[in-house]
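Fold and contact review
What follows is each chain in one-letter form.
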Amino acid sequence: AVTICNSRLLQRAAQDGQVPEVFKFTYLRTGTPLFAITLHVGLCCAFACVTSLKVLTTMAVIVSWVFYLLCFIAIFILRYRDEINPKFKVPIVIPGILILFSVLLIIA
């Protein structure tokens, strides 16, 4: 599932012009992003050959918590922008606790 999601993200980035256009190519019969999946699977195989599973798992968890941290910080930034009027507001204590928790997890 991660391979499919990440390859679609790479395909969308190629459509927006953020990565080379070769990643826009989709397989005609199924519509899957062929080169994006090939790159993702190739990188996964290369990382699996170079390092241990424990190191890969640790890196994946740390990177995912860094992205969670960035999302929690984005809640603070978006809350105080004037041009954005959300339908509901998250109590500011919740992202504050989550930022503290994710920083502690990343450091530990």
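Residues numbered from 1 in each chain as written. Predicted model: local features only at pLDDT ≥ 70, side-chain atom pairs only at ≥ 80, totals over all residues. Heavy atoms only, no water.

Remarks on the layout of surface pockets
Taken as a whole, the largest pocket encloses approximately 580 Å³ of empty space. Lining the largest pocket are 14 residues, and of these Val-2, Asn-6, His-40, Cys-44 and Ala-60 lie nearest its centre. Within the residue set of the lining of the largest pocket, elements represented by two or more residues are helix H1 (2–15), helix H2 (34–50) and helix H3 (53–79). With 7 residues, the top contributor of residues to the lining of the largest pocket is H3. In terms of residue class, the lining of the largest pocket is built from 9 nonpolar, 5 polar and no charged. Looking at the second largest pocket, its volume works out to about 190 Å³. (1 Å grid on protein atoms, 1.4 Å probe; cavity = no way out; pocket = protein on both sides within 12 Å on 5 of 7 lines; lining within 4 Å. Points joined across faces, edges and corners; volume = space filled by probe spheres on them. Helix = DSSP H or I, 4+ residues; strand = E, 2+ residues; numbered from the N terminus. Nonpolar A, V, L, I, M, F, W, Y, C, P; charged D, E, K, R; others polar.)

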